[in-house]
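# Chain and residue survey
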Amino acid sequence: MKKVVTIKNVKIGEGLPKICVPMVGETIDQLVEEANFLKNLDLDVVEWRVDFFEDVKDIDKVKEALKAIRTILADKPIIFTFRSAKEGGQKEVSTEFYFELNKRIVETKQVEVIDIELFNEEENIKDLVEAAHINGLAVIISNHDFKNTPSKEEIISRLRKADELGGDLPKIAVMPTCAADVITLLDATRIMNEEYAKGPIITMSMAGKGVISRLSGEIFGSALTFGAAKKVSAPGQISVVDLRKTIQLLHTNL
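Residues numbered from 1 in each chain as written. Predicted model: local features only at pLDDT ≥ 70, side-chain atom pairs only at ≥ 80, totals over all residues. Heavy atoms only, no water.

Once that is clear, we can look at helix H6 (residues 179-196). Compared with the 26 Å implied by 1.5 Å per residue over 18 residues, the 25 Å span of H6 between its first and last C-alpha is a close match. For H6, the full list of buried residues reads Asp181, Val182, Leu185, Leu186, Ala188, Thr189, Ile191 and Met192. At its buried positions, H6 is contacted by helix H5 (152-164), strand E8 (169-174), strand E9 (202-205), helix H7 (211-215) and helix H8 (217-220). (Helix = DSSP H or I, 4+ residues; strand = E, 2+ residues; numbered from the N terminus. Expected span 1.5 Å × (residues − 1). Buried < 20%, exposed > 50% of the residue type's maximum accessible area, 1.4 Å probe, protein only. Contact = heavy atoms within 4.5 Å.)

This is how it looks when you write it as structure tokens:
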């Protein structure tokens, strides 16, 4: 029996794939406006992409912004994500700051999940995973390739590594250069889900070619998908309304 990751009242890995919508505001005012817009949408999880925030290098400002978001989205699970520039994010910071920022946010207990990038020192990852778990948070360990799609074996290897390092939700996002790349990602997802995963996993093929991967998680084994409310945070995201309709349509016909 695979584990289910429960964040607030959302069970990831049980039932239909869950829908996550990113917040990408650059200022506290923009984030407040975004949060107010999102609170009435049919979504399951919110991801704060803090690398878009203009004051991200001031941890006190980050905590102030988080408090404002949390007040509005009191009932929604929140993923805290600083996506580095090398993995498609908006800013680059030192490794030391990256881990300090995440640890300080973990200690606030104001989010339900943090995202840790896989391509970091293992000891740093393990220490942060331990801190998150001690404070009752779940952990995504993620990898993003915006240039191409690795081999099926490499995709599975990265997901298994994220699992081994303590990730509750191993995640990979890759860029397809052709239809075959999308099939590679989908079959790697299926194999990981059926043969190796201890719990839910998150996978996607990006851009227009990869949209099918954002819709077909129930079939191939990805437990969470990302949709857009106003502004996308990654290529290929579709509206949360269309996403919900399509996921439900596929489910009804399985």
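Bringing the packing of helix H3 (residues 95-108) against helix H4 (residues 122-134) into the picture now. Between H3 and H4, the shortest axis-to-axis distance is 9 Å and the interhelical angle comes to 10 degrees. Here H3 is positioned roughly parallel relative to H4, judged by the angle of their axes. Contacts between H3 and H4 involve Thr95, Phe99, Asn102, Lys103 and Val106 from the first element and Asn124, Ile125, Leu128, Ala131 and Ala132 from the second. By residue class, the composition of the contact of H3 with H4 is 6 nonpolar, 3 polar and 1 charged. (Axes fitted to C-alpha atoms, helices over the stretch in contact; angles between N-to-C directions. Parallel < 35°, antiparallel > 145°, perpendicular 65-115°, else oblique. Nonpolar A, V, L, I, M, F, W, Y, C, P; charged D, E, K, R; others polar.)

A contiguous patch of negative charge, built from Glu121, Glu123, Asp127 and Glu130, is present on the exposed surface. By relative accessible area, which is 59% here, Glu121 ends up exposed. (Patch = residues over 30% accessible without salt bridge, like charges linked within 9 Å, V, L, I, M, F, W, Y side chains within 5 Å. Areas by Shrake-Rupley, 256 points an atom, 1.4 Å probe, with all protein chains shown as cover. Salt bridge = Lys/Arg side-chain N within 4 Å of Asp/Glu carboxyl O. Lys, Arg positive; Asp, Glu negative; His and termini not counted. Charge placed at Lys NZ, Arg CZ, Asp CG, Glu CD.)

This structure, assessed with the given rule, holds 4 aromatic pairs. With a centroid separation of 5.1 Å and an interplanar angle of 80 degrees, the aromatic rings of Tyr98 and Phe99 are classed as edge-to-face. Looking at Phe99, the relative accessible area reads 11%, which means it is buried. (Phe/Tyr/Trp six-rings, centres within 6.5 Å; stacked < 30°, edge-to-face > 60°.)

Below, the discussion takes up helix H2 (residues 59-72). Relative to the 20 Å expected for 14 residues at 1.5 Å per residue, H2 spans 20 Å between its end C-alpha atoms, a close match to the ideal helical length. Every buried residue of H2 is listed here: Ile59, Val62, Ala65, Leu66, Ile69 and Arg70. Looking straight down H2, one finds that the buried residues subtend no more than 135 degrees of arc, so they occupy a single side. Opposite its buried face, H2 presents the exposed residues Asp60, Lys67 and Thr71, each directed more than 90 degrees away. Buried positions along H2 lie against strand E3 (18-23), helix H1 (28-38), strand E4 (45-49), strand E5 (78-81) and H3. With a side-chain oxygen positioned 3.1 Å from the backbone nitrogen of Asp60, the residue opening H2 is Asp58. (Arc of directions from axis to C-beta. Polar contact = N/O pair within 3.5 Å; in protein donor to acceptor, adjacent residues only side chain to side chain.)

As recorded in UniProt, the sites labelled "active site" (unreviewed entry) are His144 and Lys171. For this annotated set, covering 28 residues, all C-alpha atoms fall within 8.5 Å of each other, a compact arrangement in space. On the secondary structure map, His144 appears in strand E7 (residues 138-145). Classification of His144 as buried rests on a relative accessible area of 9%. Tracing the sequence through the fold places Lys171 in strand E8. With relative accessibility at 6%, the residue Lys171 sits in the buried group. In this structure, Lys171 is in contact with Arg83, Asp115, Ile140, Ile141, Ser142, Asn143, His144, Leu159, Ile202, Met204 and Phe226, ignoring residues within four places of it in sequence. (UniProt positions renumbered as here; feature names shortened; annotations may be inferred.)

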